[in-house]
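Analysis of the macromolecular model
As a plain string of letters, each chain reads:
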Amino acid sequence: MTRIPIRIIPDPVLRQKASPVTKVDKRVSKFMNDMLESMYLGHGIGLAANQVGALERVITVDISEERNGTKALLMANPEITWKSENETFTYREGCLSIPEQYAEITRPKRIRLNYLDQSGKERELEAEDLLSQCIQHEIDHLNGILFIDYLSPLKRKMMARKVEKAQREKDDDDHIL
Ligand code: NI
């Protein structure tokens, strides 16, 4: 497995829409493994292909304690077919592409979705609470949407500025020998 660097805002790839995968072949299957590895190394519970610079509809999710791949969900072309209209769930979300920023986000509590698994088989899944929240966050990424988009423009700008400042300082540090 190969670790792929994670893109940070304001990288434009995070604002682009990813295209469907035509077939889960060997390449896509390996890409899923590489994404999972990158997600674990970044201590994330979810990752979308845009975040590693690929505009393909692929996400990885693992909310388990083990985090060893046995309970990971590797999905191509995830598509939500149903959302609970009245029941919602609120969680303090973060994102590997928006380091060290968190905000409480409310989303539908339960969802149903279709996707292709790592062997290309069509699957249906019903998810609730944290798993549902995480999958919705990752599918948003595939559509160029970030969790900060659900905040007020002021709060969103504040967070973006903090991240950009931290990244600049990090870049400066990189040049010190
Ligand atoms: Ni994210």
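Model, not experiment: these values are computed from the prediction.

1. Here we look at the pairing of strand 5 (residues 98-108)
Sheet topology places strand 4 (residues 88-95) next to strand 5; seven bridges connect them, and they run antiparallel. In the strand pairing of strand 5, C95 is matched with I98. Two successive antiparallel strands, strand 4 and strand 5, enclose a turn made up of two residues.

2. Description of the pattern of salt bridges
The full count for this structure, using the stated rule, is 13 salt bridges. R15 serves as the salt-bridge partner of D149, at 2.7 Å between the closest nitrogen and oxygen. With D149 in the loop between helix 2 (129-142) and helix 3 (153-174) and R15 in the segment before helix 1 (26-41), the pair connects residues that are 134 residues apart, well separated along the chain. R123 is the salt-bridge partner of D117, the closest N and O atoms lying 2.8 Å from each other. Since its relative accessible area comes to 37%, R123 is described here as partly exposed.

3. Observations concerning the environment of H141
As for its placement among the helices and strands, H141 is situated in helix 2. Remark: the alpha-carbon pair of H141 and L14, spanning 127 residues in sequence, is separated by 6.9 Å.

4. Notes on the nonpolar core
Residues F31, M35 and V58 are the most contacted members of the largest nonpolar core, which totals 19 residues. Mapped onto this core, the elements with two or more residues apiece are helix 1 and strand 3 (73-83). Considering every element that reaches this core, the biggest residue donor is helix 1, with seven residues. With residues near it in sequence (within four places) discarded, M35 still touches I4, L47, A48, A49, V52, V58, I59 and T60. Counting 16 residues, the second-largest nonpolar core is a separate cluster that includes A18, A48, L73 and L142.

5. Some words on the state of the cysteines
Counted according to the given criterion, the structure contains zero disulfides. Free of any disulfide, C134 has its nearest neighbouring cysteine sulfur in C95, separated by 10 Å.

6. A short note on the sheet that holds strand 7 (residues 122-128)
Spatial ordering of the open sheet is given by 1-2-3-6-7, a layout of five strands whose pairing is antiparallel. Looking along the sheet, the strands with just one partner apiece sit at the ends: strand 1 (46-48) and strand 7. Geometrically, the sheet is characterised by an average inter-axis angle of 40° between neighbouring strands, direction not taken into account. Where strand 3 and strand 6 (residues 110-116) come together, five bridges link them in antiparallel fashion. Counterpart to E79 in the pairing with strand 6 is N114. Helix 1 contacts strand 1, strand 2 (58-61), strand 3 and strand 6 of the sheet and is inclined by roughly 45° relative to strand 2. Lying on the sheet, helix 2 is in contact with strand 1, strand 2, strand 3, strand 6 and strand 7; it crosses strand 2 at an angle near 155°.

7. Re the side chain of N50
The topology assignment puts N50 in the loop between strand 1 and strand 2. A relative accessible area of 0% places N50 in the buried class. Setting aside its immediate chain neighbours within four residues, N50 contacts R7, V13, L14, Q16, A18, L55, H141 and L142.

8. Description of a nonpolar patch on the surface
On the surface, I45, I63 and Y91 cluster together into a nonpolar patch covering about 220 Å² of accessible area. When you line up the elements, Y91 lands in strand 4.

Cut-off values and rules
- Residues numbered from 1 in each chain as written.
- Predicted model: local features only at pLDDT ≥ 70, side-chain atom pairs only at ≥ 80, totals over all residues.
- Heavy atoms only, no water.
- Pairing = 2+ DSSP bridges.
- Helix = DSSP H or I, 4+ residues; strand = E, 2+ residues; numbered from the N terminus.
- Salt bridge = Lys/Arg side-chain N within 4 Å of Asp/Glu carboxyl O.
- Buried < 20%, exposed > 50% of the residue type's maximum accessible area, 1.4 Å probe, protein only.
- Core = buried A, V, L, I, M, F, W, Y, C linked by side-chain atoms within 4.5 Å.
- Contact = heavy atoms within 4.5 Å.
- Disulfide = S-S within 2.5 Å.
- Axes fitted to C-alpha atoms, helices over the stretch in contact; angles between N-to-C directions.
- Patch = residues over 30% accessible without salt bridge, like charges linked within 9 Å, V, L, I, M, F, W, Y side chains within 5 Å.
- Areas by Shrake-Rupley, 256 points an atom, 1.4 Å probe, with all protein chains shown as cover.

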